[in-house]
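So you can see what is in the structure, the chains are spelled out below.
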Amino acid sequence: MSYGKVDSNPQIDQFREQILAAAQTQTPLSIQGGGTKAWYGNVNTFTKLDTRAYSGILEYQPEELVITACAGTPLKDITAALAEKNQILPFEPPHFGEGATFGGAIAAGLAGPGRITAGNLRDFVLGARIMDGKGQALSFGGKVMKNVAGYDISRLLPGSLGTLALLLEASVKVLPKPAATATLRCSLPQARALTLLNEWAGQPIPLSASCWIGSTSSDQVGELTIRLAGAVAAVKSAIPLINSVINTTELDPNVATAFWTDLREQQLSVFTNLQDDETLYRLALPAACGPLTLSNGQDDIALEWHGQQRWFKAPSDDTTFTAIKNLANIHGGHASRFRQGSHVDPSKQRFTLLSEQTHSAALEAVQARLRAAFDPAGVFATHRLP
Amino acid sequence: MIPMNMVTPPPELAAITALQSKLVEALRPILPEYALLWEPEDTIPYECDGLAAYRRMPLAVALPETEAQVSQILKVCFAMQIPVVPRGAGTGLSGGAMPISQGLVLSLAKLKKIIKIDPFTRTAVVQPGVRNLAISEAVAHLGLYYAPDPSSQIACSIGGNVNENSGGVHCLKYGLTLHNVLRVRGILMNGEIVEFGSHAPDSPGLDLLAVVIGSEGMLAVVTEVTVKLVAKPKLARVIMASFDNIEKGGDAVAAIIAAGIIPAGLEMMDKATTRAVEEFVHAGYDLEAEVILLCESDGTPEEVEEEIERMTRVLENAGASGIRISQDESERLKFWSGRKNAFPAAGRLAADYYCMDGTIPRRHIATLLRRIQAMEKKYGLACLNVFHAGDGNMHPLILFNGADQEEWHRAEDFGTEILEACVELDGTITGEHGVGIEKINTMCVQFGEGERESFWGVKSAFDPERLMNPNKAIPTLSRCAEYGRMRISGGKLPHPELERF
Ligand SMILES: Cc1cc2nc3c(=O)[nH]c(=O)nc-3n(C[C@H](O)[C@H](O)[C@H](O)COP(=O)(O)OP(=O)(O)OC[C@H]3O[C@@H](n4cnc5c(N)ncnc54)[C@H](O)[C@@H]3O)c2cc1C
Ligand SMILES: Cc1cc2nc3c(=O)[nH]c(=O)nc-3n(C[C@H](O)[C@H](O)[C@H](O)COP(=O)(O)OP(=O)(O)OC[C@H]3O[C@@H](n4cnc5c(N)ncnc54)[C@H](O)[C@@H]3O)c2cc1C
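Since we're looking at a predicted model, the values are computed, not measured. (Residues numbered from 1 in each chain as written. Chains lettered and ligands numbered in written order. Predicted model: local features only at pLDDT ≥ 70, side-chain atom pairs only at ≥ 80, totals over all residues. Heavy atoms only, no water.)

Participant: What is the right way to look at the overall build of chain B in this model?
Facilitator: Within chain B one finds 18 helices and 20 strands. The C-alpha radius of gyration of chain B comes to 23 Å, within 12% of the 23 Å expected for a compact globule of 501 residues. For the C-alpha atoms alone, the extent of chain B along its principal axes is close to 70 × 60 × 40 Å. Going through the 501 residues of chain B one by one, you find that 63% of them count as buried. Pairs at least 24 apart in sequence give 73% of the contacts found in chain B among residues at least 6 apart. Only carbon and sulfur atoms are counted for the fraction: they give 54% of the accessible area of chain B, which is about 17,500 Å². Computed over 47 positive and 65 negative side-chain charges, the inter-centroid distance for chain B is 1 Å. (Helix = DSSP H or I, 4+ residues; strand = E, 2+ residues; numbered from the N terminus. Rg over C-alpha atoms; globule rule 2.2 N^0.38 Å. Buried < 20%, exposed > 50% of the residue type's maximum accessible area, 1.4 Å probe, protein only. Contact = heavy atoms within 4.5 Å. Areas by Shrake-Rupley, 256 points an atom, 1.4 Å probe, with all protein chains shown as cover. Lys, Arg positive; Asp, Glu negative; His and termini not counted. Charge placed at Lys NZ, Arg CZ, Asp CG, Glu CD.)

Structure (structure tokens):
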């Protein structure tokens, strides 16, 4: 399948040489784009495979709602090209620094505030060209919205953190920028916020993001910010509807944009000022999950995605992490040490293991065989993701 | 629809009978008597799925009623090394559920409970045999519905939808099965129960749910699915626009999307189709138009009004020769009736029709339609075009007479050439029906050896002994080599520049 690809691209040849050499010596390579999140996931000190030289947008036709680019392309180039045509990446990947790359964003698989209505990054991946641990360049998926030929291997890359294959190129679906947006804010307790958000989400209200920030003790009042986005008429008619339930104030558009950007880039105080022995924990939870008693009840926590993604700071030790993981598991979710303070032992496991999840243990063997199929010599076995 | 000319002759009859007795004996303690079928008169309804050209009799058919039974059946088959073909409602159009002569058909049709409906989290937990439409019916009173709507939704099962990653008219705006399923509970070939995804927004490890969806019954038997439900739009209206040439119609599709509009549905019919269906449904279609577009808008009344106005403007600028907007629900349904009845209408025009399923980038719609016109002449067969224009998913219906072997082969070649053209235009050989047994050869056109080897790697990761629905969807190296030779020696290899093996 054509990807605007040239098989004997010198940059790709260089990746192949590096991969084949690593396979021969059985030493893993740590794939790196901008390195803006070298701290995310389990750490490793293996030799870097730098993707940045393989850069550029290969194809972008706004009427197809698809952009195809090389993995090393700066994320900001992609968003700028889209903005010119009034289009966006609806999952809103944070950039965290100038250097963030397209491939890094996909391999990290994370999404920003828009995820709850727009879908996650994986939902937008249509196809990918990868290089496996044998140095083969392989294309999966494609550039069209509907494609069910073969297993959906391109969608295994999001969130794989460089542990499965090297992403060379990817095609992602993009969307038109919403015609209108409005941001509303009010004060209310966590439990009430969670109930309202889920109720609204079941109604034809163009809710596109939400964030509640407050103290971890559940009866305290916190600040709820919600974003509406969609057709002009839809946004206009939703505001009185929401205000009939709870009194909100509409934020000035500039203030609103700054808030959502700071949330996406984790610049709000709930994320920053991490103490040396502290960890920023992330919980992913089902929609039904009410307030949880987390940490010592004094610090702030942030609830995004109508409560399905929760952030808070707590001590880094294993006992704390185990308790948090168990709590998440009981409620049908999982937890990770998203970011750790500078004095934390870097060798600590950051993620929930499959074996720690109900009904997932048997998948550990499947995952291991899958990795071995793509990467028999362990070139990408950096254990950045367990 | 398609003639019975592909019946595979059964292998050694005696050996089969012995194996059958052994299997039946082993399964008897697990299932009630009525849930295990092996006499030919009982198993014959299972010899094919919706693609009736490919038929085969299985060793036996098991109809478990509980997840525990499914797991036990798989354990028995695993121990005996007997292949298993999972089956939902059997509406698949690519032969994915076609039996294997030395294998068991595992029907999930009796697992049809809706386990939980949760309006607060907008989810439903259902067993795999629940029909697609039954989900929307069960939640209608809550103002919710399940968005992916394959045309077969009255009959097809959610387990089948998961395995085919099915979509329908609404998937341009609301996505495919992949985008609407949170969690799948399944059983691996060795009988182990596992869960892919979860009710949380993401799960630990690699995203195996993304691979299981669309895996055509080859990786795990699905025993439970959690689907997302969405708010039923308050209103829907549709614009019917006519164009006096194909290019204008194709450009109009691109223009709507380029204008930043994602319609709830964007479907196209060519003249041959409108003429065929008008006789059938009397919807008042413009019979002079070369193509007709149906563009639907849904949402709140204000949103719909705004969007209909914008779409009308775009369609006018794109050179529509006629525009009609549905004034009420009955008119909307009337406009859609022809689209929905295109298949039966095709069935009235010819003894048989062969439905293809390729996807191309939207901008190539007119190019492909023109090519198909040329192919109609080349093969001497007529073709109706009615398709999901919004996502470039084409469904050419090739008309032929199945009583004539030679004509069926011509229809097959015609179909293959269309799929090869889709690949050449940067598209794919299947948008929603799956590869199954039908398109296994064209997989050699779309994928090279390395990709196919990776597919086998995925298969073996889930099912190391390759017992679950084996030899479907992913062609072997030798199969592709043979296919390549066949196409070349026929002297009609259409795109020699494409990598084949
Ligand atoms: C504090 C912080 C919070 C973040 N939060 C979010 C968030 O909420 N949502 C979100 O979407 N993003 C989030 N990110 C991610 C960030 O915006 C993107 O991941 C960024 O674009 C990463 O790009 P990079 O090139 O710097 O990746 P790197 O830091 O270089 O790499 C990230 C990971 O991807 C792998 N990788 C990189 N390139 C490739 C490739 N070509 N093939 C295979 N593997 C590859 C690496 O091995 C590594 O595991 C966050 C980042 C930071 C720093
Ligand atoms: C008239 C008509 C119109 C159609 N329109 C569309 C359309 O618009 N869009 C579309 O996407 N499809 C369409 N289809 C195709 C078909 O209906 C879908 O592919 C559907 O999802 C198949 O569901 P099923 O329950 O009938 O599955 P089956 O045909 O029984 O099986 C399909 C595949 O899934 C596997 N499978 C089924 N259930 C399970 C399970 N529980 N666990 C593991 N594997 C399983 C089988 O092994 C097989 O490979 C149409 C078919 C017809 C006949």
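Participant: What exactly am I supposed to notice about the interface of chain B and chain A here?
Facilitator: In this complex, chain B contributes 84 residues to the contact, which on the side of chain A involves 74 residues. Both sides together, the interface formed by chain B and chain A hides about 6,600 Å², and carbon and sulfur atoms give 61% of it. Of all residues in chain B, Pro201, Pro204 and Leu206 of chain B give up the largest surface area on contact with chain A, accounting jointly for 11% of the area buried on that side. Our count for the chain B to chain A interface comes out at eight salt bridges. In this structure, the salt-bridge partner of Lys134 of chain A is Glu453 of chain B, at a minimum N-O distance of 2.7 Å. Put simply, chain B and chain A have 25 residue pairs in polar contact (both at pLDDT 80 or more) between them. For the side of chain B that touches chain A, the secondary-structure elements that each account for two or more residues are helix 6 (171–174), helix 7 (177–180), strand 9 (193–197), helix 8 (208–212), helix 9 (246–258), helix 11 (301–317), helix 16 (443–446) and helix 17 (449–462) of chain B. The biggest single contributor to the side of chain B that touches chain A is helix 17 of chain B, with 11 residues. (Buried area = accessible area lost by both parts, 1.4 Å probe. Salt bridge = Lys/Arg side-chain N within 4 Å of Asp/Glu carboxyl O. Polar contact = N/O pair within 3.5 Å; in protein donor to acceptor, adjacent residues only side chain to side chain.)

Participant: Would you mind going over the state of the cysteines with me for this structure?
Facilitator: Formally, a disulfide is one covalent bond, and it connects the sulfur atom of one cysteine to the sulfur atom of another. Residue and element names in this part refer to chain B. The full count for this structure, using the stated rule, is one disulfide over all chains. Here Cys444 pairs with Cys480 through a disulfide, and the sulfurs are 2.0 Å apart. Given an S-S torsion of about -80 degrees, the disulfide between Cys444 and Cys480 has left-handed geometry. Linking Cys444 in helix 16 with Cys480 in helix 18 (residues 477–489), this pair joins segments that are 36 residues apart in sequence. Classification of Cys480 by relative accessible area gives buried; the value is 0%. (Disulfide = S-S within 2.5 Å.)

Participant: I tried to follow the sheet that holds strand 9 of chain B on my own but got confused; where do I start?
Facilitator: Pairing between the strands of a sheet is mediated by backbone hydrogen bonds and can be parallel or antiparallel. Residue and element names in this part refer to chain B. Taking strand neighbours across the sheet as the criterion, the five strands line up as 5-6-10-8-9 in an open arrangement whose pairing is antiparallel. Looking at which strands have only one partner, the edges of the open sheet turn out to be strand 5 (114–118) and strand 9. On average, adjacent strands in this sheet sit at an angle of 15 degrees to one another, irrespective of strand direction. Of the strand pairs in this sheet, strand 8 (residues 181–187) and strand 10 (residues 221–228) are connected by six bridges, and their pairing is antiparallel. Counterpart to Ile187 in the pairing with strand 10 is Val221. Where helix 3 (residues 67–80) meets the sheet, its contacts fall on strand 8, strand 9 and strand 10, and the angle it forms with strand 8 comes to roughly 50 degrees. Contacting strand 5, strand 6 (123–126) and strand 10, helix 4 (residues 132–139) runs over the sheet at an angle of about 45 degrees to strand 5. (Pairing = 2+ DSSP bridges. Axes fitted to C-alpha atoms, helices over the stretch in contact; angles between N-to-C directions.)

Participant: Where do I start with the site of ligand 2 in this structure?
Facilitator: Residue and element names in this part refer to chain B. Around ligand 2, 32 residues are found, and the nearest of them are Pro86, Thr91, Ser152, Ser157 and Gly167. At a separation of 2.7 Å, an oxygen atom of ligand 2 approaches a polar backbone atom of Gly92. In isolation ligand 2 offers 970 Å² of accessible surface; the protein chains occlude 93% of this area. For the shell around ligand 2, the secondary-structure elements that each account for two or more residues are strand 3 (84–87), helix 5 (158–164) and strand 10. Split into classes, the residues belonging to the shell around ligand 2 amount to 11 nonpolar, 17 polar and four charged. (Near = heavy atom within 4 Å. Nonpolar A, V, L, I, M, F, W, Y, C, P; charged D, E, K, R; others polar.)

Participant: Would you take a moment to explain the confidence of the model for chain B for this structure?
Facilitator: In low-pLDDT regions, the fine details of the predicted coordinates are not to be read closely. Residue and element names in this part refer to chain B. Of the residues in chain B, 94% reach a pLDDT of 70 or more, and the chain-wide mean stands at 91. In this model residues 1–5 is a low-confidence stretch, pLDDT under 50, and it forms 21 contacts with partners more than four residues away in sequence or in other chains. Predicted confidence is poor over residues 488–501, with pLDDT under 50, and the contacts of this stretch with residues over four places away or in other chains come to 28 contacts. (pLDDT = per-residue confidence, 0-100.)

Participant: Sorry, what's going on with a nonpolar patch on the surface here?
Facilitator: A contiguous nonpolar patch, built from Ile114, Ile117 and Leu142 of chain B and spanning about 190 Å² of accessible area, is present on the exposed surface. Take Ile117 of chain B: it is sitting in strand 5. (Patch = residues over 30% accessible without salt bridge, like charges linked within 9 Å, V, L, I, M, F, W, Y side chains within 5 Å.)

Participant: What am I meant to see in the domain arrangement of chain A here?
Facilitator: Many authors give the size of an interface as the accessible area that is lost as the parts come together. Residues and elements named next belong to chain A. For chain A, the domain assignment lists domain 1 (10–176) and domain 2 (180–340). Taken residue by residue, the interface counts 15 residues in domain 1 and 16 residues in domain 2. For the pair domain 1 and domain 2, the summed buried surface comes to about 1,400 Å²; carbon and sulfur atoms form 63% of the total. Here domain 1 and domain 2 share zero salt bridges between them. Along the contact surface separating domain 1 from domain 2 lie three residue pairs in polar contact (both at pLDDT 80 or more). Within the side of domain 1 that touches domain 2, the residues separate by chemical class into nine nonpolar, four polar and two charged. (Domains from an automatic or database assignment.)

Participant: When you look at the pairing of strand 3 of chain B in this model, what are you seeing that I'm missing?
Facilitator: Where a strand is regular, its side chains alternate between the two sheet faces. Residues and elements named next belong to chain B. A two-sided burial pattern is seen for strand 3, the buried positions comprising Val84 and Pro86 on one face and Val85 and Arg87 on the other. Pairing between strand 3 and strand 4 (residues 104–107): four bridges, direction parallel. By the bridge assignment, Val84 is partnered in strand 4 with Leu104.

Participant: Can you walk me through the sheet that holds strand 20 (residues 396–400) of chain B in this structure?
Facilitator: All names here are of chain B. One open sheet holds the seven strands; their spatial order is 15-12-14-13-18-20-16, and the pairing between them is antiparallel. The sheet is open, and its two edges are formed by strand 15 (322–325) and strand 16 (352–355), each paired on a single side. This sheet shows a mean twist of 20 degrees between the axes of neighbouring strands, independent of strand direction. Of the strand pairs in this sheet, strand 12 (residues 235–243) and strand 14 (residues 291–299) are connected by nine bridges, and their pairing is antiparallel. Along strand 14, the bridge assignment pairs Ser242 with Ile292. Each of strand 12, strand 14 and strand 15 touches helix 11; the most contacted strand, strand 14, lies at about 155 degrees to it. Strands strand 16, strand 18 (383–387) and strand 20 of the sheet are contacted by helix 15 (residues 405–424), whose axis makes an angle of about 165 degrees with strand 20.

Participant: Sorry if this is basic, but what is going on with the nonpolar core here?
Facilitator: Phe196, Leu293 and Phe462 of chain B are the most contacted members of the largest nonpolar core, which totals 157 residues. Element by element, the count of residues in this core is highest for helix 15 of chain B, at eight residues. No fewer than three residues from each of domain 1 (10–176) and domain 2 (180–340) of chain A sit in this core. If sequence neighbours within four positions are ignored, Leu293 of chain B has contacts with Ile239, Met240, Ala241, Phe243, Gly249, Ala252, Val253, Leu266, Glu267, Met268, Leu315 and Ala389 of chain B. One finds Ala180, Ala182, Cys289 and Ala314 of chain A within the second-largest nonpolar core, a separate group that totals 35 residues. (Core = buried A, V, L, I, M, F, W, Y, C linked by side-chain atoms within 4.5 Å.)

Participant: Even after reading the chapter, I still don't get the side chain of Lys472 of chain B, so can you show me in this structure?
Facilitator: Residues and elements named next belong to chain B. Within the secondary structure, Lys472 sits in the loop between helix 17 and helix 18. Of the side chains with opposite charge, Asp49 comes closest to the buried, unpaired Lys472, at an N-O distance of 7.0 Å. Not counting the four nearest positions on each side in its chain, Lys472 is found in contact with Val85, Gly95, Gly96, Ala97, Met98, Met218, Gly436, Ile437 and Ile440.

Participant: Would you mind showing me how to read unusual backbone geometry here?
Facilitator: Positive phi, normally seen in glycine, also occurs at His359 of chain A, with a value near 65 degrees. Residue placement: His359 of chain A occurs in the loop between strand 17 (334–340) and helix 10 (363–374). Here His282 of chain B, not a glycine, exhibits a phi torsion of approximately 50 degrees, which is positive. Inspection of the secondary structure puts His282 of chain B in the loop between helix 10 (271–281) and strand 14. For His282 of chain B, a relative accessible area of 54% puts it in the exposed group.

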